[in-house]
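Secondary and tertiary structure notes
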Amino acid sequence: MISLSLSSSMIKTSVPGSSCTLFSSRQAKPAPAFLRVISGEGSNRVLIETTASSESSVDETTTVSGGVQDVYGEDAATEDFPVTPWSLSVASGYTLLRDPHHNKGLAFSDRERDAHYLRGLLPPTVISHDLQVKKMMHTLRQYQVPLQRYMCMMDLQETNARLFYKLLIENVEELLPVVYTPTVGEACQKYGSIFMRPQGLFISLKEKGKILEVLRNWPEKNIQVIVVTDGERILGLGDLGCQGMGIPVGKLSLYTALGGVRPSACLPITIDVGTNNEKLLNDEFYIGLRQRRATGEEYSELIHEFMTAVKQNYGEKVLIQFEDFANHNAFDLLAKYGATHLVFNDDIQGTASVVLAGLIGALKFAGGSLADHRFLFLGAGEAGTGIAELIALEISKKSKIPLEEARKNIWLVDSKGLIVSSRKESVQHFKKPWAHDHKPIKELVNAVKAIRPTVLIGTSGVGRTFTQEVIEAMADLNEKPIVLSLSNPTSQSECTAEEAYAWSQGRAIFASGSPFAPVEYNGKMLVPGQANNAYIFPGLGLGLIMSGTIRVHDDMLLAASEALAEQLREEHFVKGSIYPPFKDIRNISARIAAKVAAKAYELGLATRLPQPKDLVKCAESSMYSPSYRSYR
Ligand code: NAD
């Protein structure tokens, strides 16, 4: 097979067998960059993608014209202006087997093996994609240690991306805990030892002043979603510094598997400003900067350079998801960049949206409206205050009452007790809206008795805090107490499903952050719901991308919650769950995407015009499918 190389002034053929590089007409040495022809992954797929090595003078040669990168130097080039001689190449033979985007392993047909110089490089058998999935699942199930399963999955992602995504999509309930929580937590803790290949970009203080160049080192150019962490609060595990990279990598694989965003459009990023984790600082195998965390101006300047470079390089429509930032930075970053960038914080907004969806769904069957309820939270951080604010917003919109009024039925307890007006001056700014008039109360059980909530939500990160006394107090006050124990991991859950049902005589409507197995109570099988953020963010992201939205608006979060709640059926609710089954997630994501996009069009924030007539169909058809493509 022949591969084609092109430059602005010459065309050259080269020998088959591997990706070819290009010789420029002006420089008699291999060019440090190339373009490769790719097969499509959905309706939005671009025909070519670019790869630039670090030596390339991309900065001078790739200008942005009308929002499109001038990768050929067509706009800026003059005779004296050096350009990067981008080239086209077609992978074949050994290179094709090493290319995760195009590799099919044993699923290459005989005809493809002949046409693409694969004879002898594979054993003779040809198997189907389905059989490959079956075989991989069989292999994965042999591993007893979760981290081994995780590494096996990461290896597959680097070897054969379409097999990885098919496996994940078809076995989502079994594999979600492998590629994401809880296993990803352990993977981050050990990331220094298991790190093999770059799965995303590391941007550290060393790159200050050069972040735009660093972004351009990433091989994919058509980025639509970035998940970024600074590693300061990884899950419930605290500061893992640079090793937090497992989180953006895992989240983005879910964007693709659950929301259908093209894998090549996803970019995981870890910002390394140091770590305050002594264990890591003293670990000779630690992969990050060996210094304590930069704070204040030094921190803000690096983040600002990053945010500016992202917009400069990818434009206005790239979604930046902040992930696992500590709450002292998370709220400020969201507030600061929400006005200028398309930003979303899953810990604050995603959590809020999924929990609100559960409540709306539950009330659809239990009766009443949100405005009829009184809410008490244990924990007033990113999750707690984020959920509280979105509930208040929904009540305010639905009941047409001022937001301040809606907030009055929502109370929060933090580590110092009930947040009340006498504490207003001393609490962090994001807690202030919840400092209502009441006498101080220290203990949760006393707060339950005094506030008389109908809904109790745990977001403290501290396990076993919904004691028997607390649940019994809720059950005394309510025929159907709603109890959400959202803290993760399972050991930190405020109470177990079994405890919530037993201590409320089977009357509690219960959901949790970590999964709990179904519980048999008085001969009835109760299936607790899991308020998993993965219900919301992939569909929300898809909706923003497919409509070319430029800012996230709270109404889009409400739209996402309502779309998810609409998927809850009575048959799920009578079994105890306030969420639809997770196995339907691609369908659910398409419906969430459609509602979010509709809201974006309504608000005038969508740029992909005209608005498609059928947004659900549009969402479904723009979702990445992991099916193999035929190679000519
Ligand atoms: P955070 O650190 O921002 O907030 C924790 C809050 O709990 C703080 O306000 C803190 O003062 C308070 N707190 C700590 N100890 C307490 C105690 N003993 N009593 C009362 N309050 C106490 O963390 P976060 O991001 O808000 O996450 C909190 C928990 O929620 C975590 O366990 C996280 O895993 C979980 N979470 C679940 C979901 C979900 O279910 N979908 C989503 C996000 C977060």
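Residues numbered from 1 in each chain as written. Predicted model: local features only at pLDDT ≥ 70, side-chain atom pairs only at ≥ 80, totals over all residues. Heavy atoms only, no water.

1. Focus: the site of the ligand
The environment of the ligand is made up of 22 residues, and the closest members are Arg233, Asn327, Ala383, Ala531 and Asn533. Gly381 places a main-chain nitrogen or oxygen 3.2 Å from an oxygen atom of the ligand. A distance of 2.6 Å is found between a nitrogen atom of the ligand and a side-chain nitrogen or oxygen belonging to Asn533. Grouping the constituent residues of the shell around the ligand by class yields 6 nonpolar, 12 polar and 4 charged. (Near = heavy atom within 4 Å. Polar contact = N/O pair within 3.5 Å; in protein donor to acceptor, adjacent residues only side chain to side chain. Nonpolar A, V, L, I, M, F, W, Y, C, P; charged D, E, K, R; others polar.)

2. As for the pattern of salt bridges
Following the criterion strictly, the structure yields 32 salt bridges and no others. A cluster of three or more residues bridged by salt bridges with shared partners is formed by Arg233, Asp324, Asp347 and Glu382. (Salt bridge = Lys/Arg side-chain N within 4 Å of Asp/Glu carboxyl O.)

3. What to know about the sheet that holds strand E15 (residues 417-418)
Taken together, the 7 strands give an open sheet; going across it, the order is E15-E14-E13-E16-E17-E18-E21, and neighbouring strands pair in mixed fashion. In the strand order of this sheet, the two ends are held by E15 and strand E21 (529-530), each with one partner. Examined bridge by bridge, strand E16 (residues 455-458) and strand E17 (residues 482-485) share 4 bridges and lie parallel to one another. If you follow Val455 over to E17, its bridge partner there is Ile482. Sheet strands in contact with helix H15 (residues 346-366) are strand E13 (375-378), E16, E17 and strand E18 (509-512), and its direction is about 155° off that of E17. Across the face of the sheet, helix H18 (residues 444-451) comes into contact with E13, strand E14 (410-414), E15 and E16 while running at roughly 170° to E13. (Pairing = 2+ DSSP bridges. Helix = DSSP H or I, 4+ residues; strand = E, 2+ residues; numbered from the N terminus. Contact = heavy atoms within 4.5 Å. Axes fitted to C-alpha atoms, helices over the stretch in contact; angles between N-to-C directions.)

4. With respect to helix H22 (residues 554-566)
Taking 1.5 Å per residue, 13 residues should reach 18 Å; H22 reaches 19 Å between its end C-alpha atoms and fits that length. Within H22, 10 of the 13 residues are buried, which leaves the element mostly enclosed by the surrounding structure. (Expected span 1.5 Å × (residues − 1). Buried < 20%, exposed > 50% of the residue type's maximum accessible area, 1.4 Å probe, protein only.)

5. Side note on the confidence of the model for the protein
Model confidence for the protein is summarised by a mean pLDDT of 88, while 86% of its residues fall at 70 or above. For residues 1-68, every residue scores under 50 in pLDDT, and the model assigns this stretch 186 contacts once sequence neighbours within four places are set aside. (pLDDT = per-residue confidence, 0-100.)

6. Section: the nonpolar core
One finds Tyr255 and Ile391 to be the most contacted residues of the largest nonpolar core, which totals 121 residues. Here this core gets 10 residues from one element, more than from any other, and that element is helix H24 (residues 585-603). Setting aside residues no more than four positions away along its own chain, Tyr255 makes contact with Val225, Val227, Gly260, Val261, Cys266, Leu319, Gln321, Phe344, Phe537, Pro538 and Gly541. Counting residues in hydrophobic clusters, the runner-up holds 37 residues, among them Leu201, Phe306, Tyr314 and Val343. (Core = buried A, V, L, I, M, F, W, Y, C linked by side-chain atoms within 4.5 Å.)

7. Here's the deal with helix H11 (residues 246-259)
Counted at 1.5 Å a residue, the expected span for H11 with its 14 residues is 20 Å, and the 19 Å between its end C-alpha atoms agrees. Among the 14 residues of H11, 14 are classified as buried, and the element is accordingly described as predominantly covered. Following H11 by one or two positions, Gly260 has its phi on the positive side, about 75°.

8. Examining the pairing of E16
Here E16 shows two buried faces, one formed by Val455 and Ile457 and the other by Leu456 and Gly458. Of the pairings in the sheet, the one linking E13 to E16 comprises 4 bridges and is parallel in character. From the neighbouring strand, Leu378 faces E16, where its bridge partner is Gly458. Crossover E16 to E17 through helix H19 (residues 468-477) is right-handed. (Right-handed = clockwise from strand over helix to strand, strands pointing away.)

9. Details of the packing of helix H4 (residues 129-142) against helix H6 (residues 161-170)
Helix-helix packing is characterised by the crossing angle of the two axes and by the distance between the axes. Where H4 meets H6, the axes come as close as 10 Å, and the angle between the chain directions of the two elements is 75°. Taken together, the axes of H4 and H6 are roughly perpendicular relative to one another. For the pair formed by H4 and H6, the contact residues are His129, Asp130, Gln132, Val133, Met136, Met137 and Leu140 on the first element and Arg162, Leu163, Lys166, Leu167 and Glu170 on the second. Tallied by class, the residues present in the contact of H4 with H6 amount to 6 nonpolar, 2 polar and 4 charged. (Parallel < 35°, antiparallel > 145°, perpendicular 65-115°, else oblique.)

10. Some details on the sheet that holds strand E10 (residues 266-272)
The strands that make up a sheet pair up through hydrogen bonds in the backbone, lying either parallel or antiparallel. Ordered in space as E8-E10-E9-E11-E12, the 5 strands form an open sheet in which the pairing is parallel. The outermost strands of the open sheet, each flanked by one partner alone, are strand E8 (201-204) and strand E12 (342-345). Taking each pair of neighbouring strands and ignoring which way they run, the sheet shows an average axis angle of 25°. Here 4 bridges tie E8 to E10, and the two strands are oriented parallel to one another.

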